[in-house]
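Working through the structure, step by step
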2 protein chains.
Amino acid sequence: MMLTIINSIVLAIAAQVTAPAKDEVPSPPEIANAAPAADWRAIAPEDLLVMDLAGGKARRVVIQLLPAPFSQGWVGNIRKLAAAHWWDGTSVNRVQDNYVVQWGDASEKKPLPAGLATVSQDDYLTRVPYGSFASARNALGPGNSVSSYSGFYRGFPVQVEAIRSPALSWPVHCYGMVGVGRNMPPDTGTGAELYVVIGQAPKHLDSNIALVGRVVEGIEHLSSLPRGTGNLGFYETAGERVPITRVRLASELPAAEQPRFEYLDTEGPSFARYADARANRRDAFFIRPAGGSDVCNVPVPTRRAK
Amino acid sequence: MMLTIINSIVLAIAAQVTAPAKDEVPSPPEIANAAPAADWRAIAPEDLLVMDLAGGKARRVVIQLLPAPFSQGWVGNIRKLAAAHWWDGTSVNRVQDNYVVQWGDASEKKPLPAGLATVSQDDYLTRVPYGSFASARNALGPGNSVSSYSGFYRGFPVQVEAIRSPALSWPVHCYGMVGVGRNMPPDTGTGAELYVVIGQAPKHLDSNIALVGRVVEGIEHLSSLPRGTGNLGFYETAGERVPITRVRLASELPAAEQPRFEYLDTEGPSFARYADARANRRDAFFIRPAGGSDVCNVPVPTRRAK
C-alpha cells in the first residue's frame, strides 16, 4: 500500500487524487505528470489570449485559440479585436448555471475595428481528406464507430463524420471551450461576443455555432461568478457586470510577462494511456471501470511550462 | 415570424430561450411549459431535503431523494440524519471546479446518530426484472442499444444493462445529482458526507459510489461558491467553509413552510416530446439538429407546484 493520504475526507471522491494508487496502477493525473517532455507540446504565445478581470484579487483567464483547420475566420477576427484592445473596458454580462459565461460589449454600440471577416455558416464544419483525423479515434467506447467518432486533434476535442470523402470534422462544446455568440442564422457572429461552457457539454450547439478555443487557466474566475437573474442568465443591473480590464494576445505582452503553457500531445503515447485510464479507472478508489468515456470527460492536460 | 426578443445579446446562444420560436416549432422549455397538469408529478414532502446555508441572503438548496428501488439504504440513513438534525452546524468544505461541491462535518469527529445502516457495495447496482425499465429507453441516439441504454426512471437519469435477467440498472452522475462521499472500498459511506455534481457528468463514478438524489432548486448557491485551493478543491482554512444552518426533510417543516415541487413525468408524452426536442433542436436558433443527446443533456424539468 502506497497510500499517503490519511485524511478520510480527502479520500472521499478521489477521482482526481494525486497520491500514489494501490498496486502501482497510476491514476490519470499521475500518467500525465509522468509523461516525458517529448509528449508535451508548447502553445505559441500567438495562440494565447490573456483576459484580466477587474477586482481586488488578480483574476486572469488564459485561452488557447483553436488551431487550423478549425474556425480560422473567427480566430482571425479575435486576433484583430485583441490587437485593437477592443475588449478593454467591456464586461462579463451573463452567467447561466450549467451553461455558459458570456462577455463582450453590454451596450452593443461599441464600434468594431475595421477589417473583420464575415464568416460563412459553412465554416462550422471543416472538410478534411478521409483519414486525416483517424488518429483522433480512440477507445472512448460506446457511441463511436468507424465512420462517426469523437476524439482529439492537436489538443482539442473534435467530432469526425467520415462516412464520405472529404470527411467532416468540427470541435465539440466541452467544459471550458470558448465560442462565438451570434444572432439568429444566418448570422455567425464576429468573435467580439464570446462565451465559455461551464456545465454539461451542450452538444446541441456543436456545428451550430463557432468554437474558437478553450480556457487553459483561470476558468474558476468565470465559473464561480454569481448567476445572473435575468433571462438566459444575463445580469439585470450594470453593477453586477464584471469589468474586463484588458485582453491581449500573449505575444503582445512584454516577453517577461508572457505566460507559457503546454498541453499533453493528444497524438502521443502518454495521452493514449491517460485517455484509457479516464475511460477505465483502475486505481484504488474504483471498483468497476466504466468501459468508455464521453470525449468531454477526458479533459486534455495542460500546465504552465517551466 | 413570432420572434419577440429583440435584444441581440439576449438572442446569443438562445438554447434555453423561452420566447416563441419560428414556424411554431416549440423549444424544449416551451414544450415543458405547455404540458398539461396530468403530465406533472408531485414530489412528496418526505422526499425533499431542504438545506439552508448561513449568510446575509437566503440561500436554500432543495434536494429530491431517489425513489425505490435505487439506493434506499443510503436514503434511509439520510432521513435519519435529517431527523436527528445532524447536519445543523456542519459546513460546505470542498468546491472543485468542473467536478463537485461537498458538505458534511469538517472535523470528522461528530458522532453519528444510532441505527444507520451499513450498505453493501452490491447496492450500487439494482437488479430488476428484464423489461422493467424498457420505457426508460428512448431516442437519445448513439451509444444506446437494445441491451445497454440510458434513459429516465421516475424523473431520474439511469443506465440499464439488460443483457441478462435480472437486468441491472443504476442512476447516473449528471449535473446536479447528489451522491455519498466515502473512503476507499469496501467502504460505501453513510450518507453523512454528501456532494453534488457541478460540471461535466463524471460517469466514471457511476456504480462506484452511491447516488441519492438531485438538486431541484438552489444549485447556484453551491455551484457559484469560490473554488477551494487545497487538494481536490478542499478549502484550506476554516474561514472559507460555508456554514450550514439546518437541513430538514420538508415533511418535518410546518405545513405552511413546506416547499412543493413537481417534475415532468418522464414516462409521459410531454417528456417524450421534450427529450426529442433536446436531442434534435429545430427551433429558430439552430441550423443542424444533433441527432441524439447524452442523457445528461436532457435535464428533467422541475418547478414549484402552484
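Everything quoted here is computed from the prediction, not taken from an experiment. (Residues numbered from 1 in each chain as written. Chains lettered and ligands numbered in written order. Predicted model: local features only at pLDDT ≥ 70, side-chain atom pairs only at ≥ 80, totals over all residues. Heavy atoms only, no water.)

Observations regarding the overall build of chain A
Stated formally: Under the scheme used here, helices are H or I runs from DSSP no shorter than 4 residues and strands are E runs no shorter than 2 residues, and both carry numbers assigned from the N terminus. When accessible area is computed with a 1.4 Å probe and restricted to protein chains, residues below 20% of their type maximum are described as buried, those above 50% as exposed, and intermediate ones as partly exposed. Contacts between residues were defined by any pair of non-hydrogen atoms, one from each residue, lying within 4.5 Å. Residue exposure ignores everything except the shown protein chains as possible cover, and the areas themselves are Shrake-Rupley values with a 1.4 Å probe.
Broken down by element type, chain A carries 5 helices and 15 strands. When each of the 306 residues of chain A is scored for burial, the buried share is 57%. In chain A, once contacts between residues fewer than 6 apart in sequence are set aside, the share between residues at least 24 apart is 69%. Accessible surface for chain A amounts to roughly 11,900 Å². Of this, 54% is attributable to carbon and sulfur atoms.

Structural notes on the sheet that holds strand β8 (residues 156-161) of chain A
The strands that make up a sheet pair up through hydrogen bonds in the backbone, lying either parallel or antiparallel. Residue and element names in this part refer to chain A. Heads up, the condition is: One bridge is not enough; two strands pair if DSSP finds at least two bridges between them. Every angle, taken between N-to-C directions, lies between 0 and 180 degrees, and every axis is a line fitted to C-alpha atoms, over only the stretch in contact when it is a helix.
Spatial ordering of the open sheet is given by β6-β9-β8-β7, a layout of 4 strands whose pairing is antiparallel. One side of each edge strand has no neighbouring strand; the edge strands of this open sheet are β6 (126-128) and β7 (148-153). Pairwise comparison of adjacent strand axes, ignoring direction, gives a mean angle of 35° for this sheet. Relative to strand β9 (residues 167-171), β8 runs antiparallel, the two being bridged by 4 bridges. When the sheet's bridge partners are listed, Gln-159 is paired in β9 with Trp-170.

Focus on the state of the cysteines
Residues and elements named next belong to chain A. Convention followed: By definition, disulfides here are pairs of cysteine sulfur atoms that lie within 2.5 Å.
Summed over all chains, the structure comprises 2 disulfides over all chains. Between the sulfur atoms of Cys-174 and its disulfide partner Cys-296 the distance amounts to 2.1 Å. Taking the torsion about the S-S bond as the criterion, the Cys-174 to Cys-296 disulfide, at about -80°, is left-handed. Of this pair, Cys-174 sits in the loop between β9 and β10 (177-180) while Cys-296 sits in the loop between α5 (269-279) and β15 (302-304); the two residues are 122 residues apart in sequence, bridging distant segments of the chain.

Focus: helix α3 (residues 72-83) of chain A
Residue and element names in this part refer to chain A. What counts here: One less than the residue count of a helix, multiplied by 1.5 Å, gives the span that helix is expected to have. What the arc covers is the set of directions going from the helix axis to the C-beta atoms.
Between the first and last C-alpha of α3 there are 16 Å, a value that for 12 residues agrees with the 16 Å anticipated at 1.5 Å per step. Where α3 is concerned, the buried positions are Trp-74, Val-75, Asn-77, Ile-78, Leu-81 and Ala-82. All buried residues of α3 fall inside an arc of 155° around its axis, so they share one side. On its buried face, α3 sits against β2 (48-53), β3 (59-65), β10, β11 (194-197), β12 (211-217) and β13 (242-249). The first or second residue beyond α3 is His-85, which carries a positive phi of 55°.

Regarding the pattern of salt bridges
To be explicit about the condition: Put simply, a salt bridge is a Lys or Arg side-chain nitrogen that is within 4 Å of an Asp or Glu carboxyl oxygen.
The tally for this structure, following the rule as stated, stands at 24 salt bridges over all chains. As a salt-bridge pair, Glu-217 of chain A and Arg-304 of chain A come within 2.7 Å of each other at their nearest N and O atoms. Remark: Arg-304 of chain A occurs in strand β15 and Glu-217 of chain A occurs in strand β12; sequence separation between them is 87 residues. Accessibility expressed as a relative area gives 43% for Arg-304 of chain A, which makes it partly exposed. Note that Asp-52 of chain B is salt-bridged to Arg-60 of chain B, the shortest N-O span being 2.8 Å. Its relative accessible area of 26% is what places Arg-60 of chain B among the partly exposed residues. One salt-bridge network, in which partners are shared between bridges, spans Asp-52, Arg-60, Arg-246 and Glu-257 of chain A.

Notes on unusual backbone geometry
For the bond running from Pro-185 of chain A to Pro-186 of chain A, omega is 15°, close enough to zero to count as cis. On the secondary structure map, Pro-186 of chain A appears in the loop between β10 and β11. Here the bond from Ala-68 of chain B into Pro-69 of chain B is cis, since omega is 10°, no more than 30 degrees from zero. One non-glycine residue with positive phi stands out, namely Leu-232 of chain A, at about 60°. The backbone phi angle of Ser-71 of chain B is positive, close to 55°, even though this residue is not glycine. Within the element layout of this structure, Ser-71 of chain B appears in the loop between β3 (59-65) and α3 (72-83). Owing to a relative accessible area of 7%, Ser-71 of chain B belongs among the buried residues under this scheme.

Examining the environment of Phe-70 of chain A
Residue and element names in this part refer to chain A. Assignment of secondary structure puts Phe-70 in the loop between β3 and α3. Residue Phe-70 is classed as buried on the basis of its relative accessible area, which comes to 0%. Each C-alpha atom, one on Phe-70 and one on Ser-169, is 8.6 Å from the other, the two residues being 99 residues apart in sequence.

Some details on the environment of Pro-36 of chain A
Structurally, Pro-36 of chain A can be placed in the loop between α2 (28-33) and β1 (40-43). Remark: the alpha-carbon pair of Pro-36 of chain A and Ser-270 of chain A, spanning 234 residues in sequence, is separated by 8.1 Å.

A closer look at the packing of aromatic side chains
Quick reminder of the rule: Only the six-membered ring of Trp is used, alongside the rings of Phe and Tyr, when aromatic pairs are assigned; centres must lie within 6.5 Å, and planes under 30 degrees apart are stacked while those over 60 apart are edge-to-face, with the rest tilted. As a reminder, the over-ring test applies to NZ of lysine and CZ of arginine, requiring each to be within 6 Å of the ring centre and within 35 degrees of the ring normal.
Applying the stated criterion across every chain yields a total of 12 aromatic pairs over all chains. Aromatic pair Phe-271 of chain B and Tyr-274 of chain B: ring centres 5.7 Å apart, planes at 40°, arrangement tilted. Of the two residues, Phe-271 of chain B and Tyr-274 of chain B both sit in helix α5 (residues 269-279), 3 residues apart, roughly one turn of that helix. Ring-pair connections join several aromatic residues into one group, and the members of that group are Phe-152, Phe-271 and Tyr-274 of chain A. It is Arg-214 of chain B that lies over the ring of Phe-156 of chain B; its NZ or CZ is 4.8 Å from the centre. Over the ring of Trp-40 of chain B we find Arg-303 of chain B; its NZ or CZ atom is 3.7 Å from the centre of that ring.

Quick word on the pairing of strand β13 (residues 242-249) of chain B
Here strand β2 (residues 48-53) of chain B pairs with β13 of chain B via 5 bridges, running antiparallel. Following the sheet pairing, Met-51 of chain B is matched in β13 of chain B by Val-247 of chain B.

Structural notes on the confidence of the model for chain A
All names here are of chain A. Defined as follows: Each residue carries a pLDDT score, the predictor's confidence in it, ranging from 0 to 100.
Per-residue confidence for chain A averages 89 on the pLDDT scale, and 89% of its residues sit at or above 70. Low confidence marks residues 1-21, where pLDDT is under 50. Its contacts with residues over four positions away, or in another chain, come to 65 contacts. The ipTM for the predicted assembly is 0.91, set against a pTM of 0.91.

As for the sheet that holds β1 of chain A
Residue and element names in this part refer to chain A. Spatially, β1-β14-β15 is the arrangement adopted by the 3 strands of the open sheet, whose pairing is antiparallel. Bordering the open sheet on either side are β1 and β15, each of which pairs with just one other strand. Going from strand to strand, the sheet's axes swing by 30° on average, the running direction of each strand aside. In the sheet, strand β14 (residues 261-264) pairs with β15 via 3 bridges, with the strands oriented antiparallel.

So, the side chain of Ser-223 of chain A
With respect to the secondary-structure elements, Ser-223 of chain A resides in helix α4 (residues 220-223). Those residues in contact with Ser-223 of chain A that lie beyond four places of it in its chain are Tyr-175 and Ile-198 of chain A together with Asp-97, Ser-223, Ser-224 and Arg-227 of chain B.

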